[in-house]
Structure formats: structure tokens, C-alpha cells
Amino acid sequence: MNLSYRSTHTHGSRTARFIPLMKSLRDQGRDVISLAIGEPDMDTPADIIAATQDALSRQETRYSDIAGLPVLREALARRFDGCGPESIVIFNGSKQALYTTFQVICDPGDEVIVPIPCWVSFPEQIALAGGLPVFVPTCDHQLDINAIATAVTDKTRAILVNSPNNPTGAVYPAKTLQQVAKLAMDHNLFLIADEAYDVFVYDSRTPVSLWDFPEVRDRLILIRSFSKHYAMTGFRVGYAVAPPDAAGAMVRIHSQITGNVCTFSQYGALSALQMDEAGLIQQRNHLEQNRNLALECMDDLFPCICPGGAFYLFPDVRGHLQKGETADDFSLRILEKTGVMVAPGTDFGMDGHVRICFAVPEIQLKEAFRRIRSVL
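Residues numbered from 1 in each chain as written. Predicted model: local features only at pLDDT ≥ 70, side-chain atom pairs only at ≥ 80, totals over all residues. Heavy atoms only, no water.

Student: Quick question: what am I supposed to make of helix H3 (residues 46–57) here?
Tutor: At 3.6 residues per turn, the α-helix brings residues three or four places apart onto the same side. Taking 1.5 Å per residue, 12 residues should reach 16 Å; H3 reaches 16 Å between its end C-alpha atoms and fits that length. When we look at burial in H3, the residues that qualify are Ile48, Thr52 and Ala55. Taken around the axis of H3, the buried residues stretch over an arc of 60°, which confines them to a single face. Exposed side chains of H3 directed beyond 90 degrees from the buried face belong to Ala46, Asp47, Gln53 and Ser57. Buried-residue contacts for H3 involve helix H10 (263–273). Where H3 ends, the next residue or the one after it, Gln59, has phi of about 65°, a positive value. (Helix = DSSP H or I, 4+ residues; strand = E, 2+ residues; numbered from the N terminus. Expected span 1.5 Å × (residues − 1). Buried < 20%, exposed > 50% of the residue type's maximum accessible area, 1.4 Å probe, protein only. Arc of directions from axis to C-beta. Contact = heavy atoms within 4.5 Å.)

In C-alpha cells:
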């Protein structure tokens, strides 16, 4: 019996593979420091845990609205000027929101412009929708508007923007986002904005969202998540903000895949929205300090563009590659010799680099770089 072409030509998530690998190595007694998994090191806030437990005690364990709890959608809509709850759809994390977005906008052969390096799931999700990812290089991790414009064809359906960026931590300025918005309007394209890290912007910068440009909201699908902001990765709650017709299409597809998102998890998410912003500010400040520490520890080891957001470094390791070695080989060598796990840049479409997550305790960050330096 043959499996479908789709299933045999889809790669599993390259970053997700580190979770069982890390567990396996630790079960073998290895002292592993993981800088490969994009997960905050903080505990889920107590108020969110309490609200989730309270929802369970009230038996909020049944089916709920497929588009998401009305009270949660209304609370989210109030955060986006001019938006109503009919434009909000709750998903099982931002990953499912993105998957459904491509299912809604792509027909077979449609093209989606994807600046690289990029998050590992973008090209696979586009392909699963029958679309074609069109990769456009960035310049010092910033968008190259001319290159994006050149990549537009009569098959182009959308431009994908991820800021703050995974894996580089790049933050795109308002002027660049405005140029991308104009391109989308000029060519009648969708704009997809992955803003999973939107609150983690450093150096006193003011976060800029594509939502800040009202003229593109009729073609903008914006994706965010509770996972990174509130250390709720296991809750699996993300959401999309989209024009009402696109949101309605998302709900129809969502209804055939999972139905509603876990009901009591959504009450935890609602509690997160009601929390004082001081906790988020404190977490952002902590991550900025970790970024500075990581750059200091790395210093003359690897060239690295300072990330303006998210919680990743994306250094150039080509100066330490042995003859014929790739970033995958380098990452494996570092893991075997030091017990430090980093993600190879090939996973993100750029060999010769690695992604290092600095959202770990300070003592682990220092020790990880000490081990790497001792080998290199």
C-alpha cells in the first residue's frame, strides 16, 4: 500500500525533533543544556493556572464555540482598533492558525513570498496547501524590498512577514513594513504577519505591527500566540485576526480538523489578557539582559547581528566549520563534545549559521558558552 505524496514529501518539524532527543540524552545520564528549543524559561503565571483550574472545577470541559469562546474573542478584539470579534479565530497555537491561513488563501500552484532565513514550518505548511514557497534572501536579516518586489509574479498570492523574526530576532522598522504594505496593495496580495514574539522588542524600541496601517487591514491576516508571552506553550492557544470573510473560511476548515480549542485552556488565556502588564515588562527586561549576556559570552567566538527582538541569536559559525562540514554537522559535533544543543541554520534555510535560544537561566547560558568555547 502506498502512502500519499503529501505525507511522504512533508518533513516533520525540524525544531520539534530536539524535544525527544533532549529527553533521550538526559535519560542516558548526559548533562544536556538545550539552547535549541524556543520556549521561555519562566513558569506559567499563577493567575493563569488558577483560572484554568477554576474552569475545570466549573466543568468547563465540554464542546465550545469553534471560533473560540465569545468572551475571549471579544477581549482580543478590544486590543485591535476597529476590529470586531467576528474577525478573531482561536486556534491550537499559532502553528495551526498559520496552517489554516494557507489552506484558506492558497490554490494549487499559488506562490507565497517567504523571506529567509525563516521559521521551519512556513514552507511545509504552504506546500501542504498546494502552494509554492518563493524564498527571498534578506540583507543583514532585514527585508530586501526590491528583492521581494522582483519575486512577485502573476501567481503570487501573499507576502509573509515575521517580525520579530524567528530565527534571527530581527525587528522590521515601520518604514519597511509600510513598503511591504504598499507592495501588497499594488499587487492585490494578502499580507500574513506572524507576530508570535510581538511583545519581546528590546533597546526601548516601540513595537510596530502591520495592524498599525489601517489601509491594509482588508488583506491582512495577523497571527499571534499566548505561548511565548505567558509561558503557555503546552496550553496550545493562538489566534488569527483576519477580514471577516477570511475568518469565516478559517472557522469552516477549523471545524473539520479539531473543532474547538480546549475549552478550559481558553479560560486560562482569558485570564492572561486580564493580567497586569508589569509581568510582561519584567519578562521582556529579563530576556534583554539574557541577550546582552549571550552576546558578551559569545563575543569573539562567532560574528552575530544583534537581535532586536524575540529570544534568539543567529550567529555565523562558518569560521569554525571543519572541511566539508555543514551547520548540521557542526551542531552534532557541539552536542557530542559539550552536551550543548543548538539548532542548525539549515533548518531555517541558511547553512553556516546556528540558532541559539537565550531564554534559559543565566547560569545555564554561561555554562553553555563556556563548554562551546572550550571545544572551539
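Student: Please explain the side chain of Glu111 as it appears in this structure.
Tutor: Position of Glu111 among the secondary structure elements: in strand E3 (residues 111–116). No salt bridge is formed by the buried Glu111; the nearest opposite charge belongs to Lys155, separated by 5.4 Å. Among the polar contacts made by the side chain of Glu111, one reaches the side chain of Thr153 at a distance of 2.8 Å. Excluding anything up to four places from it in sequence, Glu111 contacts Leu132, Val134, Thr153, Lys155, Thr156, Arg157 and Ala158. (Lys, Arg positive; Asp, Glu negative; His and termini not counted. Salt bridge = Lys/Arg side-chain N within 4 Å of Asp/Glu carboxyl O. Polar contact = N/O pair within 3.5 Å; in protein donor to acceptor, adjacent residues only side chain to side chain.)

Student: What should I look at first to understand the sheet that holds E3 in this one?
Tutor: As a general point, the strands of a sheet are linked pairwise by backbone hydrogen bonds and lie either parallel or antiparallel. Taken in spatial order, the seven strands make up an open sheet running E2-E8-E7-E6-E5-E3-E4, and their pairing is mixed. Looking at strand neighbours, the two that pair on one side only are strand E2 (88–91) and strand E4 (132–137), the edges of this open sheet. If you compare each strand with its neighbour and ignore which way they point, the axes differ by 25° on average. For E2 and strand E8 (residues 238–241), the ladder comprises four bridges, and the chain directions are antiparallel. Each bridged residue has a counterpart across the sheet, and for Ile90 the counterpart in E8 is Tyr239. Most of the contacts of helix H6 (residues 121–128) go to E4, to which it runs at about 150°, and overall it touches E3, E4, strand E5 (156–162) and strand E6 (190–194). This element, helix H8 (residues 174–186), spans E5 and E6 of the sheet and lies at about 165° to E5. (Pairing = 2+ DSSP bridges. Axes fitted to C-alpha atoms, helices over the stretch in contact; angles between N-to-C directions.)

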